[in-house]
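A structural walkthrough
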Amino acid sequence: QKEVEQNSGPLSVPEGAIASLNCTYSDRGSQSFFWYRQYSGKSPELIMFIYSNGDKEDGRFTAQLNKASQYVSLLIRDSQPSDSATYLCAVSAGNNRKLIWGLGTSLAVNP
Amino acid sequence: SQTIHQWPATLVQPVGSPLSLECTVEGTSNPNLYWYRQAAGRGLQLLFYSVGIGQISSEVPQNLSASRPQDRQFILSSKKLLLSDSGFYLCAWSLQGFSGANVLTFGAGSRLTVL
């Protein structure tokens, strides 16, 4: 059974701090890794994806991938109250149309 | 640019009634199309996906069905709803034949409550 695990949270950080969200996966053949943000009552929206080991930066967001340890993380710098949401990690192997989703981590950024 | 439309946004249906949710994509051709369900406290569950007109793959056996009558139209249906069908239904699309990251873009979702 292929799995993606995330700490459900809630993760609470003060405004301006760095939020660190982690995700581990079981399928060593996984090749693409995604972070989605989902506000309460809304649909998920893509933040970024990564498929090479190392870091990928996009504005205040940095995705980090370590395939040897089978984890992917998302760092949010200078966290804002508007970042308060559930963050979903998803993993796919090759060109597989089926993503394996984590249950999400709830993030609360306190003013 | 591509846009995805999904409707209705919310609906409340009695047990045993039929269901039809519709999704359309604009600005792209021959997309992969998906129906997901997100139940309270549970993760995203893939229900159906389609790589072309009339081509539907079912992921979970249940009383739901999907159809793709046109290239950019995807419909989720049920003849008789169960209480367990309640949830947040999400349509999504991705590019065909994209050998890199298979990025999904979601519609706004349809929240179904079965009473």
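Residues numbered from 1 in each chain as written. Chains lettered and ligands numbered in written order. Predicted model: local features only at pLDDT ≥ 70, side-chain atom pairs only at ≥ 80, totals over all residues. Heavy atoms only, no water.

1. Some points on the pattern of salt bridges
All names here are of chain B.
- Under the counting rule described, the total for this entry stands at five salt bridges over all chains.
- Residue Asp-85 is joined to Arg-37 by a salt bridge in which the shortest nitrogen-to-oxygen separation is 3.6 Å. In this pair, Asp-85 sits in the loop between β8 (73-78) and β9 (87-94) while Arg-37 sits in strand β4 (residues 32-38), placing the two residues 48 residues apart along the sequence.
- Given a relative accessible area of 11%, Arg-37 falls into the buried group.
- A salt bridge links Asp-71 to Arg-68; the shortest N-O distance between them is 3.3 Å. (Salt bridge = Lys/Arg side-chain N within 4 Å of Asp/Glu carboxyl O. Helix = DSSP H or I, 4+ residues; strand = E, 2+ residues; numbered from the N terminus. Buried < 20%, exposed > 50% of the residue type's maximum accessible area, 1.4 Å probe, protein only.)

2. A closer look at the interface of chain B and chain A
- If you look at the interface, chain B gives 24 residues, while chain A gives 19 residues.
- Carbon and sulfur atoms supply 59% of the area that chain B and chain A bury against each other, a total of about 1700 Å² over both sides.
- Seen at the junction of chain B and chain A, the total is zero salt bridges.
- Where chain B packs against chain A, one counts four residue pairs in polar contact (both at pLDDT 80 or more).
- Contributing elements (two or more residues each) for the side of chain B that touches chain A: β4, β5 (44-52) and β9 of chain B.
- Across the side of chain B that touches chain A, the residue classes tally to 14 nonpolar, seven polar and three charged. (Contact = heavy atoms within 4.5 Å. Buried area = accessible area lost by both parts, 1.4 Å probe. Polar contact = N/O pair within 3.5 Å; in protein donor to acceptor, adjacent residues only side chain to side chain. Nonpolar A, V, L, I, M, F, W, Y, C, P; charged D, E, K, R; others polar.)

3. A short note on the nonpolar core
- One finds Trp-35, Val-72, Leu-74, Ile-76 and Tyr-87 of chain A to be the most contacted residues of the largest nonpolar core, which totals 23 residues.
- Those elements that place two or more of their residues in this core are β3 (19-25), β4 (32-38), β5 (45-50), β7 (61-66), β8 (71-76), β9 (85-92) and β11 (105-110) of chain A.
- Excluding residues that lie within four positions of it along the chain, Tyr-87 of chain A makes contacts with Gln-6, Leu-21, Trp-35, Tyr-36, Arg-37, Ile-47, Leu-74, Ile-76, Gly-104, Thr-105 and Leu-107 of chain A.
- Trp-35, Tyr-89, Trp-93 and Leu-112 of chain B belong to the second largest nonpolar core, which has 20 residues in total. (Core = buried A, V, L, I, M, F, W, Y, C linked by side-chain atoms within 4.5 Å.)

4. Topic: the environment of Gln-6 of chain A
All names here are of chain A.
- With respect to the element layout, Gln-6 can be found in strand β1 (residues 4-6).
- Here the alpha-carbon distance between Gln-6 and Asn-22, two residues 16 residues apart in the chain, equals 6.3 Å.
- Dropping the residues within four chain positions of it, Gln-6 is found in contact with Asn-22, Cys-23, Trp-35, Tyr-87, Leu-88, Cys-89, Gly-102, Leu-103, Gly-104 and Thr-105.
- Polar contacts involving the side chain of Gln-6 include one to the main-chain carbonyl oxygen of Tyr-87, which spans 2.9 Å.

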